[in-house]
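Examination of the molecular architecture
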Amino acid sequence: MPLVLYDTWSRTLRAFEPIHADHVGLYCCGPTVYDHAHIGNLRTYIFEDVLRRTLQLNGYNVRHVVNITDVGHLVSDADEGEDKMEKGSRRTGESARAIAERYTEAFMDDWRALNLLEPALWCRATDHIAEQIAFIAELEEKGYTYRTSDGIYFDTGKQDDYGFLARLDVAGLQAGKRVALGDKRRATDFALWKFSPAGSTRQMEWSSPWGRGFPGWHIECSAMSAKYLGPWFDLHCGGEDHIAVHHSNEIAQTQARHGTRLANFWMHGHFLMLDAGKMSKSGGDFVRLQSVIERGVDPLAYRYLCLSAHYRSSLRFNEGALDAAQSALGRLRKTYRQWPQGGAPDAHAIARFKAEVDHDLNLPRALAVLWEVVRSDLPPATRRATVDAFDAVLGLKLDQWHDKPVSIPVAIAALADERAEARAQKRWSEADRLREALRVAGWYVEDSASGQVLRPLD
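Below is a summary of the structure that appears in this document. Computed from a predicted model, the values in this text were never measured in an experiment. (Residues numbered from 1 in each chain as written. Predicted model: local features only at pLDDT ≥ 70, side-chain atom pairs only at ≥ 80, totals over all residues. Heavy atoms only, no water.)

**Brief notes about the pattern of salt bridges**
Quick reminder of the rule: Basic side-chain nitrogens of Lys or Arg form a salt bridge, by our definition, when they fall within 4 Å of a carboxyl oxygen of Asp or Glu. Under the DSSP-based scheme used, a helix requires at least four consecutive residues in state H or I and a strand at least two consecutive residues in state E, with every element numbered from the N terminus. The classification of residues rests on relative accessible area computed with a 1.4 Å probe and restricted to protein chains. Under 20% of the type maximum is buried, over 50% is exposed, and intermediate values are partly exposed.
As enumerated under the stated definition, the model contains 27 salt bridges in all. With its nearest N and O atoms 3.9 Å apart, the salt bridge here joins Asp35 to Arg91. In this pair, Asp35 sits in the loop between strand E3 (24–28) and helix H1 (39–57) while Arg91 sits in helix H2 (residues 84–92), placing the two residues 56 residues apart along the sequence. Judged by its relative accessible area of 17%, Asp35 is buried. Overall, the relative accessible area of 44% leaves Arg91 in the partly exposed class. Residues joined in a network through salt bridges with shared partners are Asp155, Arg185, Arg186 and Asp189.

Right, dumping it as structure tokens:
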């Protein structure tokens, strides 16, 4: 079975074939480091991590690049408002560069807590100003730019297919614009370079052929991805909120300069939904991974929750769903830990699992295969080896988990011993009564091949 992925550009499932023989180029839009990432952002990175692991499962060498946006991302995607880094600086009283460093490190902590594979390269926007200026200069030479009072803009009217990725009704957007365009010619035109406001000094600004200022958000990814992966690479990923503006603009710039749509596949993860709607910082529905951890939830339980829904479907987040994921992961870990090492994976189960992940990363069905193996009558060592192979894609670190030592009170241990004796004598009613007594006392007893396992109820 070939690896098949959904391409937002074509709106179809397509068989994946790499452009280059020696590597697969994967570019993922990273964080804007003006604040903490929320768990909705992190769901997208989990999907991208599973994509990379699936590519590796298929034998590909993945050149994975993730950007850090530390300048140029305005509060509004319509090129209005202020730079998010400057806003974060004003909010905290720290310099913009100190803000970038602090929130980059916080993001890296979240990245590691979720067991996301380290990319081949992290690239910062502020380290690539020269590349962005060169990109804009070539667009200018080719007649795709114009100057306004506040910056250099890309003229989307030069492209008949602008917005195809999002299937934008460009004429309708222009006719129905609700905000003043200022000096912009069209509602869809976007900033390539913004001038520093007159009479004020920005913390992050650079000299350019057009005046002192800073780059627009969209030019950053086009310039950096082309530098490290070339102007035509395999896969470009992000959240579904990137489709209409950021990714459409990346494509427009690259078509104008290089004649390509930048990536062969464009892939997008869908929103994480709270009960009141999609999660966002601007809407006030801001849940950090740290707040999940402070509830006593393992961050890998959040990863498990994300694996339980297809990346192209919305996932509703609430405490009940998170607790259920924590419970499921706990059962999986404890069962896995009881199995001995030294077995060989079951080839049939591996083939079934791979068929599911190769069909557009169908992780819910892949998890179903995993649980079938867990509950199967395969030899325990075979089950362990098989689940180990699955975990190369799932990323749950099952082989690194160790249950915390539990201090069992003498009275509880005595009840458990009585129950074990009752089971040995096949006094099932008495064994059930003692199990219930243990439960009332706050303890769960689990029967395994090696005997009873006691653990406190959560």
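**Description of the nonpolar core**
Applied cut-off: Residues belong to a common nonpolar core when they are buried Ala, Val, Leu, Ile, Met, Phe, Trp, Tyr or Cys residues joined through side-chain atoms within 4.5 Å.
Among the nonpolar cores identified, the biggest contains 75 residues, and Leu235, Met267 and Tyr302 are the most heavily contacted of them. Ranked by size, the runner-up nonpolar core spans 41 residues in total, among them Val71, Phe195, Met204 and Ile243.

**Examining the packing of helix H6 (residues 217–229) against helix H7 (residues 243–258)**
What counts, and what does not: Here the axes come from fitting lines to C-alpha atoms, over the contacting stretch only for helices, and the angles between their N-to-C directions go from 0 to 180 degrees. Any angle between 65 and 115 degrees counts as roughly perpendicular, while under 35 counts as roughly parallel, over 145 as roughly antiparallel, and the rest as oblique. Here a crossing is called left-handed whenever its near helix is offset anticlockwise from the far helix by less than a right angle, and right-handed whenever the offset is clockwise. Residues count as neighbours in contact if any of their non-hydrogen atoms are within 4.5 Å of one another. Charged residues are taken to be Asp, Glu, Lys and Arg, nonpolar residues to be Ala, Val, Leu, Ile, Met, Phe, Trp, Tyr, Cys and Pro, and polar residues to be all remaining types, Gly included.
Orientation of H6 relative to H7, taken along the N-to-C sense of each, is 55 degrees, at an axis distance of 9 Å. The angle between the axes of H6 and H7 places the two elements in the oblique class. Here H6 runs over H7; the crossing is right-handed. Touching Trp217, His218, Ile219, Cys221, Ser222 and Ala226 of H6 are Val245, His246, Asn249, Glu250, Gln253, Thr254 and His258, all from H7. Residues of the contact of H6 with H7, tallied by class, amount to five nonpolar, seven polar and one charged.

**With respect to the sheet that holds strand E8 (residues 190–195)**
Strand pairing within a sheet occurs via backbone hydrogen bonds; the two strands may be parallel or antiparallel. Keep this limit in mind: Strand pairing requires that DSSP identify at least two bridges connecting the strands.
Taken in spatial order, the four strands make up an open sheet running E6-E7-E8-E9, and their pairing is antiparallel. Strands with a single pairing partner mark the edges of an open sheet, and in this sheet they are strand E6 (145–147) and strand E9 (213–215). On average, adjacent strands in this sheet sit at an angle of 25 degrees to one another, irrespective of strand direction. Relative to E8, strand E7 (residues 151–154) runs antiparallel, the two sharing four bridges.

**Examining unusual backbone geometry**
Phi is positive for Leu262, which is not a glycine, with a value near 80 degrees. Relative to the helices and strands, Leu262 is located in strand E11 (residues 262–269). Phi at Leu361 takes a positive value of approximately 55 degrees, unusual for a residue other than glycine. Under the relative-accessibility criterion, Leu361 is labelled buried at 3%.

**Details of the side chain of His73**
This is how the line gets drawn: Within 3.5 Å is the distance limit for a polar contact, defined as a pair of N or O atoms, with the added protein rule that one can donate a hydrogen and the other accept it, and that residues adjacent in sequence qualify only through two side-chain atoms.
By the element assignment, His73 lies in the loop between strand E4 (62–68) and H2. Exposure remark for His73: the relative accessible area of 7% places this residue in the buried category. Among the polar contacts made by the side chain of His73, one reaches the side chain of Thr32 at a distance of 2.7 Å. In this structure, His73 is in contact with Thr32, Glu82, Asp83, Lys84 and Trp217, ignoring residues within four places of it in sequence.

**Some details on empty space enclosed by the protein**
We count it as follows: Only protein atoms enter the 1 Å grid used here, on which a cavity is any set of points holding a 1.4 Å probe that cannot leave and a pocket is any open set flanked by protein within 12 Å on both sides along at least five of seven lines; residues with an atom within 4 Å of a point are listed as lining. Grid points are joined across faces, edges and corners, and a volume is the space filled by probe spheres set on the points.
For the coordinates displayed, the defined rule picks out three cavities of 30 Å³ or more. Quantified by volume, the largest cavity comes out at close to 110 Å³. Lining the largest cavity are Arg43, Ile46, Phe47, Val50, Cys306, Leu307, Ala309, His310, Tyr311, Leu361 and Leu363. Residue assignment for the lining of the largest cavity shows that the elements contributing at least two residues are H1 and helix H9 (299–307). Ranked by the residues each element gives to the lining of the largest cavity, the list is headed by H1, at four residues. Here the residues of the lining of the largest cavity sort into nine nonpolar, one polar and one charged. Roughly 80 Å³ of internal volume is contained in the second largest cavity. Contributing to the lining of the second largest cavity are 13 residues, with Gly72, Leu74, Asp79, Trp217 and His218 lying nearest its centre.

None of this, on its own, says anything about what the molecule does.
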